[in-house]
Amino acid sequence: MKKAVITGASGGLGRVIASKLIQEGIMVVNLSRTSSNLPVTNIKTDLTNNKDITNAIKIINKNHRDADVLILCSGVMHWHNIGETPIKEVDGDFMVNVTGLIKLTDGIAPLIKKNKGDIVIIGSTSSFICYPRSSVYNSTKHAILGYIKSLQQEYKDEDVRIIGFHPGGFKSRFHIKAGSKLKQRELMDPDYLADLIIYALKLPRNMQVSEIIISRK
Ligand SMILES: NC(=O)c1ccc[n+]([C@@H]2O[C@H](COP(=O)([O-])OP(=O)(O)OC[C@H]3O[C@@H](n4cnc5c(N)ncnc54)[C@H](OP(=O)(O)O)[C@@H]3O)[C@@H](O)[C@H]2O)c1
């Protein structure tokens with residue numbers, strides 16, 4: 001591993017992964033709306049904005065040609081009962097969790113493939129199970145599972161690994177921002193999740209962890 005491009009290294013799990021990679025001497029490029037306070041290169045990217053996405057793809061393919069890891073960690077959730085979902089949140093949540101992620105990955109995946117690297121997509125246990133009050137979020141994460149499987153199919157004979165990482169609830173500002181009532185102390189520690197992802201990345205290249213599902217006990 002030389003250089004990791006991470007969406008959402010400004011906070012939450014993305015920031016924890018970035019911090020651990022930096023400690024191991026790996027350069028990190030963060031794509032998010034706000035800058036990361038870690039020693040990374042920030043490219044201001046709002047995944048709901050096509051211009052930002054195009055710009056980020058251009059900069060990475062020009063200035064970060066040595067990038068060999070892409071981690072898609074940005075995500076949003078809002079809690080609403082069916083019948084009460086604001087229309088703009090349906091579009092916005094799909095843009096961040098699905099369409100923005102796909103557009104960005106499509107523009108960077110060929111570089112990661114050329115560098116014989118790895119793509120990690122953070123899904124959720126909501127990629128498999130539907131929880132109440134989060135119909136839009138469940139739908140975005142089910143959609144992204146389809147994209148992960150598509151990448152795995154298309155790249156199955158190439159020297160690039162695609163890891164789908166699907167955690168259950170972990171500590172971050174995510175649930176607070178979503179207005180959920182889950183108590184932080186009941187959630188998983190993102191430190192262990194980041195370690196697990198980095199462990200999978202370090203496995204010999206003839207081993208691919210295709211899917212990790214890890215939930216609260
Ligand atoms: N926390 C959980 O319990 C949980 C459980 C399962 C799966 N997940 C998934 O894990 C991933 C990370 O979640 P987290 O808990 O670490 O979340 P978090 O603490 O809320 O951090 C979310 C990250 O996404 C970025 N982001 C949000 N909107 C964005 C936008 N429009 N464009 C670009 N980046 C954007 C944020 O950066 P800026 O605000 O700077 O843009 C931030 O860095 C997400 O994909 C989430 O769905 C979380």
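One can find the structure itself at the top, above this paragraph.
Here goes a summary of the coordinates provided.

Thresholds, definitions, all that
- Residues numbered from 1 in each chain as written.
- Predicted model: local features only at pLDDT ≥ 70, side-chain atom pairs only at ≥ 80, totals over all residues.
- Heavy atoms only, no water.
- Helix = DSSP H or I, 4+ residues; strand = E, 2+ residues; numbered from the N terminus.
- Rg over C-alpha atoms; globule rule 2.2 N^0.38 Å.
- Buried < 20%, exposed > 50% of the residue type's maximum accessible area, 1.4 Å probe, protein only.
- Contact = heavy atoms within 4.5 Å.
- Lys, Arg positive; Asp, Glu negative; His and termini not counted.
- Charge placed at Lys NZ, Arg CZ, Asp CG, Glu CD.
- Core = buried A, V, L, I, M, F, W, Y, C linked by side-chain atoms within 4.5 Å.
- Near = heavy atom within 4 Å.
- Polar contact = N/O pair within 3.5 Å; in protein donor to acceptor, adjacent residues only side chain to side chain.
- Pairing = 2+ DSSP bridges.
- Axes fitted to C-alpha atoms, helices over the stretch in contact; angles between N-to-C directions.
- Right-handed = clockwise from strand over helix to strand, strands pointing away.

## Re the overall build of the protein
Okay, so step 1: A tally of helices and strands in the protein yields six helices and seven strands.
Okay, so step 2: Listed by position from the N terminus, the elements making up the protein come as β-α-β-β-α-β-α-β-α-β-α-α-β.
Okay, so step 3: A compact globule built from 217 residues would reach a C-alpha radius of gyration of about 17 Å, and the protein, at 16 Å, matches this within 12%.
Okay, so step 4: Taken along the three principal axes of its C-alpha coordinates, the protein extends 45 × 40 × 35 Å.
Okay, so step 5: Buried residues in the protein amount to 49% of all 217 residues.
Okay, so step 6: A sequence separation of at least 24 residues applies to 66% of the contacts in the protein between residues at least 6 apart.
Okay, so step 7: Here the protein contributes 30 positive and 20 negative side-chain charges, whose respective centroids are spaced 4 Å apart.

## Re unusual backbone geometry
Okay, so step 1: In the Ramachandran plot, Lys116 falls in the positive-phi region, its phi being about 50° despite a non-glycine side chain.
Okay, so step 2: In this structure, Lys116 sits in the loop between helix H3 (87–114) and strand E5 (118–122).

## With respect to the nonpolar core
Okay, so step 1: Counting 29 residues, the largest nonpolar core has Leu31, Leu104, Ile119 and Ile121 as its most contacted members.
Okay, so step 2: Those elements that place two or more of their residues in this core are strand E2 (27–32), helix H2 (50–63), strand E4 (67–72), H3, E5 and helix H4 (135–154).
Okay, so step 3: In terms of residue count, the dominant contributor to this core is H3 (eight residues).
Okay, so step 4: In this structure, Ile26, Val40, Ala200 and Leu201 belong to the second largest nonpolar core, which totals 28 residues.

## What to know about the site of the ligand
Okay, so step 1: Neighbouring the ligand are 30 residues, the closest being Leu13, Thr34, Tyr137, Ser172 and His175.
Okay, so step 2: Between the ligand and Asp46, the relevant distance is 2.9 Å, taken from a nitrogen atom to a side-chain nitrogen or oxygen of the residue.
Okay, so step 3: At 2.7 Å, a side-chain N or O of Tyr137 approaches an oxygen atom of the ligand.
Okay, so step 4: For the shell around the ligand, the secondary-structure elements that each account for two or more residues are helix H1 (12–23), H4 and helix H5 (174–178).
Okay, so step 5: No other element matches H5, which puts three residues into the shell around the ligand.

## Looking at the sheet that holds strand E7 (residues 211–214)
Okay, so step 1: Reading across from one edge, E3-E2-E1-E4-E5-E6-E7 is the order of the seven strands in this open sheet, with parallel pairing throughout. Sheet topology places strand E3 (41–44) and E7 at the edges, where each strand pairs with a single neighbour. In this sheet, neighbouring strand axes are inclined to one another by 15° on average, regardless of whether the strands run parallel or antiparallel.
Okay, so step 2: Lying over the sheet, H2 contacts strand E1 (3–7), E2 and E3, oriented at roughly 150° with respect to E3.
Okay, so step 3: Packing against the sheet, helix H6 (residues 190–202) makes contact with E4, E5, strand E6 (161–167) and E7, and its axis sits at approximately 160° to E6.

## A word on the pairing of E6
Okay, so step 1: In terms of residue burial, E6 counts as a mostly covered element, since seven of its seven residues are buried.
Okay, so step 2: As paired strands, E5 and E6 are joined by five bridges and run parallel to one another. The residue of E6 that forms the bridge with Asp118 is Arg161.
Okay, so step 3: Once the chain exits E5 it traverses H4 before rejoining the sheet at E6, and the crossover so formed is right-handed.
Okay, so step 4: Where E6 and E7 come together, four bridges link them in parallel fashion. Each residue of the ladder has a partner; that of His166, found in E7, is Ile213.

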